[in-house]
Amino acid sequence: MAEQSVRREERARIEQEMSSARYIQQSLLPKEMPEIPGWIIQTDYLPARAVGGDLFDFLNLPDGRIGIVIGDATGSGVPSALIMATTSAILHATAVSESATPGKVLEQVNNLLQLHIPDGTFATCFYAILDPIRGKLRFANAGHNLPYLSRSGEVVELHARGMPLG
(Lines give C-alpha, C1' and ligand atoms only; values in the text may rest on other atoms or scores of the structure.)
Protein backbone atom coordinates (compact mmCIF):
# COMPACT_ATOMS: atom_id res chain seq x y z
CA MET A 1 0.00 0.00 0.00
CA ALA A 2 2.80 2.40 0.87
CA GLU A 3 4.54 1.66 -2.43
CA GLN A 4 1.31 2.34 -4.38
CA SER A 5 0.88 5.59 -2.52
CA VAL A 6 4.42 6.67 -3.42
CA ARG A 7 3.76 5.79 -7.08
CA ARG A 8 0.50 7.79 -7.09
CA GLU A 9 2.26 10.78 -5.57
CA GLU A 10 5.09 10.53 -8.11
CA ARG A 11 2.58 10.26 -10.99
CA ALA A 12 0.67 13.28 -9.66
CA ARG A 13 3.93 15.26 -9.40
CA ILE A 14 4.88 14.38 -12.98
CA GLU A 15 1.40 15.29 -14.24
CA GLN A 16 1.64 18.64 -12.43
CA GLU A 17 5.06 19.32 -13.98
CA MET A 18 3.74 18.44 -17.45
CA SER A 19 0.76 20.71 -16.90
CA SER A 20 3.13 23.53 -15.92
CA ALA A 21 5.32 22.85 -18.96
CA ARG A 22 2.26 22.92 -21.24
CA TYR A 23 1.17 26.24 -19.70
CA ILE A 24 4.64 27.76 -20.19
CA GLN A 25 4.86 26.52 -23.78
CA GLN A 26 1.39 27.86 -24.59
CA SER A 27 2.38 31.23 -23.11
CA LEU A 28 5.29 31.41 -25.59
CA LEU A 29 2.91 31.17 -28.56
CA PRO A 30 1.23 34.31 -29.94
CA LYS A 31 -2.09 35.17 -28.33
CA GLU A 32 -3.41 36.92 -31.43
CA MET A 33 -2.54 37.08 -35.08
CA PRO A 34 -1.10 40.24 -36.60
CA GLU A 35 -3.83 42.43 -38.05
CA ILE A 36 -2.65 43.79 -41.38
CA PRO A 37 -5.07 45.53 -43.73
CA GLY A 38 -5.48 43.44 -46.88
CA TRP A 39 -3.90 40.32 -45.35
CA ILE A 40 -5.36 37.29 -43.61
CA ILE A 41 -3.03 35.36 -41.32
CA GLN A 42 -4.32 32.16 -39.75
CA THR A 43 -2.69 29.50 -37.61
CA ASP A 44 -3.65 26.15 -36.19
CA TYR A 45 -1.68 24.51 -33.40
CA LEU A 46 -2.40 21.07 -32.01
CA PRO A 47 0.54 19.38 -30.24
CA ALA A 48 0.75 15.59 -30.39
CA ARG A 49 1.67 15.46 -26.71
CA ALA A 50 1.26 17.67 -23.66
CA VAL A 51 4.39 19.58 -24.72
CA GLY A 52 6.64 19.36 -27.69
CA GLY A 53 9.07 21.11 -29.95
CA ASP A 54 6.63 22.86 -32.28
CA LEU A 55 6.65 26.64 -32.59
CA PHE A 56 5.10 29.43 -34.57
CA ASP A 57 5.52 33.11 -33.89
CA PHE A 58 5.24 36.60 -35.33
CA LEU A 59 7.82 39.32 -34.81
CA ASN A 60 7.14 43.03 -35.19
CA LEU A 61 10.04 44.34 -37.26
CA PRO A 62 11.02 47.87 -38.29
CA ASP A 63 9.00 49.67 -40.97
CA GLY A 64 5.84 47.63 -40.39
CA ARG A 65 7.38 44.37 -41.54
CA ILE A 66 6.37 41.10 -39.84
CA GLY A 67 8.71 38.18 -39.12
CA ILE A 68 6.98 34.82 -39.45
CA VAL A 69 8.51 31.80 -37.69
CA ILE A 70 7.53 28.13 -37.98
CA GLY A 71 9.72 25.55 -36.29
CA ASP A 72 10.10 22.13 -34.74
CA ALA A 73 12.80 20.56 -32.58
CA THR A 74 14.02 16.97 -32.63
CA GLY A 75 12.36 14.48 -30.36
CA SER A 76 9.28 15.11 -28.29
CA GLY A 77 8.19 16.15 -24.86
CA VAL A 78 10.00 18.49 -22.52
CA PRO A 79 13.51 18.13 -24.07
CA SER A 80 12.30 19.26 -27.50
CA ALA A 81 10.23 22.05 -25.93
CA LEU A 82 13.39 23.35 -24.24
CA ILE A 83 15.34 23.25 -27.51
CA MET A 84 12.58 25.14 -29.29
CA ALA A 85 12.31 27.73 -26.51
CA THR A 86 16.06 28.32 -26.82
CA THR A 87 15.77 28.55 -30.61
CA SER A 88 12.91 31.03 -30.30
CA ALA A 89 14.79 33.25 -27.85
CA ILE A 90 17.88 33.34 -30.08
CA LEU A 91 15.75 34.06 -33.14
CA HIS A 92 13.96 36.94 -31.39
CA ALA A 93 17.29 38.48 -30.42
CA THR A 94 18.77 38.02 -33.89
CA ALA A 95 15.84 39.08 -36.10
CA VAL A 96 15.54 42.70 -34.97
CA SER A 97 18.18 44.05 -37.35
CA GLU A 98 16.67 46.21 -40.10
CA SER A 99 18.94 44.81 -42.78
CA ALA A 100 18.94 41.13 -41.78
CA THR A 101 17.69 38.82 -44.50
CA PRO A 102 15.89 35.61 -43.49
CA GLY A 103 18.92 33.56 -44.58
CA LYS A 104 21.33 35.67 -42.51
CA VAL A 105 19.03 35.46 -39.48
CA LEU A 106 18.89 31.65 -39.68
CA GLU A 107 22.66 31.51 -40.17
CA GLN A 108 23.22 33.57 -37.02
CA VAL A 109 20.66 31.52 -35.08
CA ASN A 110 22.43 28.34 -36.17
CA ASN A 111 25.83 29.63 -35.06
CA LEU A 112 24.51 30.57 -31.61
CA LEU A 113 22.28 27.53 -31.19
CA GLN A 114 25.18 25.14 -31.78
CA LEU A 115 26.76 26.49 -28.60
CA HIS A 116 23.68 25.92 -26.45
CA ILE A 117 22.10 22.57 -27.33
CA PRO A 118 23.39 19.02 -26.92
CA ASP A 119 25.13 17.20 -29.76
CA GLY A 120 22.73 15.21 -31.89
CA THR A 121 19.82 17.59 -31.40
CA PHE A 122 18.56 20.18 -33.85
CA ALA A 123 15.61 22.30 -34.81
CA THR A 124 14.04 22.92 -38.18
CA CYS A 125 12.85 26.43 -38.90
CA PHE A 126 11.14 28.42 -41.62
CA TYR A 127 11.63 32.16 -41.27
CA ALA A 128 9.99 34.76 -43.49
CA ILE A 129 9.80 38.52 -43.50
CA LEU A 130 6.54 39.93 -44.80
CA ASP A 131 6.51 43.48 -46.11
CA PRO A 132 2.75 44.03 -46.32
CA ILE A 133 3.08 47.49 -47.90
CA ARG A 134 5.09 46.20 -50.87
CA GLY A 135 3.40 42.79 -50.90
CA LYS A 136 6.75 40.99 -50.67
CA LEU A 137 7.63 37.88 -48.71
CA ARG A 138 11.32 36.96 -48.31
CA PHE A 139 12.01 33.61 -46.71
CA ALA A 140 14.60 31.01 -45.83
CA ASN A 141 14.23 27.44 -44.69
CA ALA A 142 16.45 25.49 -42.31
CA GLY A 143 15.27 21.93 -42.89
CA HIS A 144 11.56 22.54 -42.21
CA ASN A 145 8.69 21.14 -44.28
CA LEU A 146 7.87 23.39 -47.20
CA PRO A 147 5.11 25.82 -46.23
CA TYR A 148 2.31 26.89 -48.54
CA LEU A 149 1.11 30.34 -49.52
CA SER A 150 -2.46 30.89 -50.64
CA ARG A 151 -2.91 33.94 -52.87
CA SER A 152 -5.93 34.80 -54.97
CA GLY A 153 -7.24 31.23 -54.75
CA GLU A 154 -3.93 29.73 -55.84
CA VAL A 155 -1.80 27.68 -53.43
CA VAL A 156 1.95 27.50 -54.00
CA GLU A 157 4.81 25.83 -52.16
CA LEU A 158 7.49 28.19 -50.89
CA HIS A 159 10.57 26.35 -52.16
CA ALA A 160 13.66 26.90 -50.09
CA ARG A 161 15.82 24.22 -48.56
CA GLY A 162 18.61 24.35 -46.04
CA MET A 163 20.24 22.44 -43.24
CA PRO A 164 18.49 22.23 -39.83
CA LEU A 165 19.66 24.54 -37.05
CA GLY A 166 22.20 23.33 -34.49
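The structure under discussion appears in the preceding block.
What counts, and where the lines are drawn
Residues numbered from 1 in each chain as written. Predicted model: local features only at pLDDT ≥ 70, side-chain atom pairs only at ≥ 80, totals over all residues. Heavy atoms only, no water. Helix = DSSP H or I, 4+ residues; strand = E, 2+ residues; numbered from the N terminus. Buried < 20%, exposed > 50% of the residue type's maximum accessible area, 1.4 Å probe, protein only. Contact = heavy atoms within 4.5 Å. Areas by Shrake-Rupley, 256 points an atom, 1.4 Å probe, with all protein chains shown as cover. Lys, Arg positive; Asp, Glu negative; His and termini not counted. Charge placed at Lys NZ, Arg CZ, Asp CG, Glu CD. Pairing = 2+ DSSP bridges. Axes fitted to C-alpha atoms, helices over the stretch in contact; angles between N-to-C directions. Phe/Tyr/Trp six-rings, centres within 6.5 Å; stacked < 30°, edge-to-face > 60°.

## So, the overall build of the chain
Part 1 of the reasoning: Within the chain, the secondary structure is distributed over three helices and six strands.
Part 2 of the reasoning: Dimensions of the chain, computed from the C-alpha atoms along their principal axes, are close to 70 × 35 × 25 Å.
Part 3 of the reasoning: Out of the 166 residues in the chain, the part that is buried amounts to 38%.
Part 4 of the reasoning: Sequence separation of 24 or more characterises 55% of the internal contacts of the chain that already satisfy a separation of 6 or more.
Part 5 of the reasoning: Counting only carbon and sulfur atoms, one obtains 53% of the accessible surface of the chain, whose full area is about 10,600 Å².
Part 6 of the reasoning: The chain carries 14 positive and 18 negative side-chain charges, and their two centres are separated by 2 Å.

## Observations concerning the sheet that holds strand 4 (residues 136-142)
Part 1 of the reasoning: Reading across from one edge, 1-2-3-4 is the order of the four strands in this open sheet, with antiparallel pairing throughout. Looking at the sheet topology across the chains shown, the edges are occupied by strand 1 (54-60) and strand 4. The average angle at which neighbouring strand axes cross in this sheet is 10°, direction not considered.
Part 2 of the reasoning: As paired strands, strand 1 and strand 2 (residues 66-73) are joined by seven bridges and run antiparallel to one another. By the bridge assignment, phenylalanine 56 is partnered in strand 2 with isoleucine 70.
Part 3 of the reasoning: Sheet strands touched by helix 2 (residues 77-94): strand 1, strand 2 and strand 3 (123-131). Its angle to strand 1, the strand with the most contacts, is close to 15°.

## Looking at the packing of aromatic side chains
Part 1 of the reasoning: This structure, assessed with the given rule, holds two aromatic pairs.
Part 2 of the reasoning: Look at phenylalanine 56 and phenylalanine 58: their rings are 6.3 Å apart centre to centre, the planes differ by 70°, and that puts the pair in the edge-to-face class.
Part 3 of the reasoning: Between phenylalanine 126 and phenylalanine 139, the ring centres sit 5.7 Å apart and the planes meet at 35°, which makes this aromatic pair tilted. Pair noted here: phenylalanine 126 is in strand 3 and phenylalanine 139 is in strand 4, with a separation of 13 residues, a long-range link.
Part 4 of the reasoning: The exposure class of phenylalanine 126 is buried, given its relative accessible area of 3%.
Part 5 of the reasoning: Taking relative accessible area as the criterion, phenylalanine 139 reaches 27% and is therefore assigned partly exposed.

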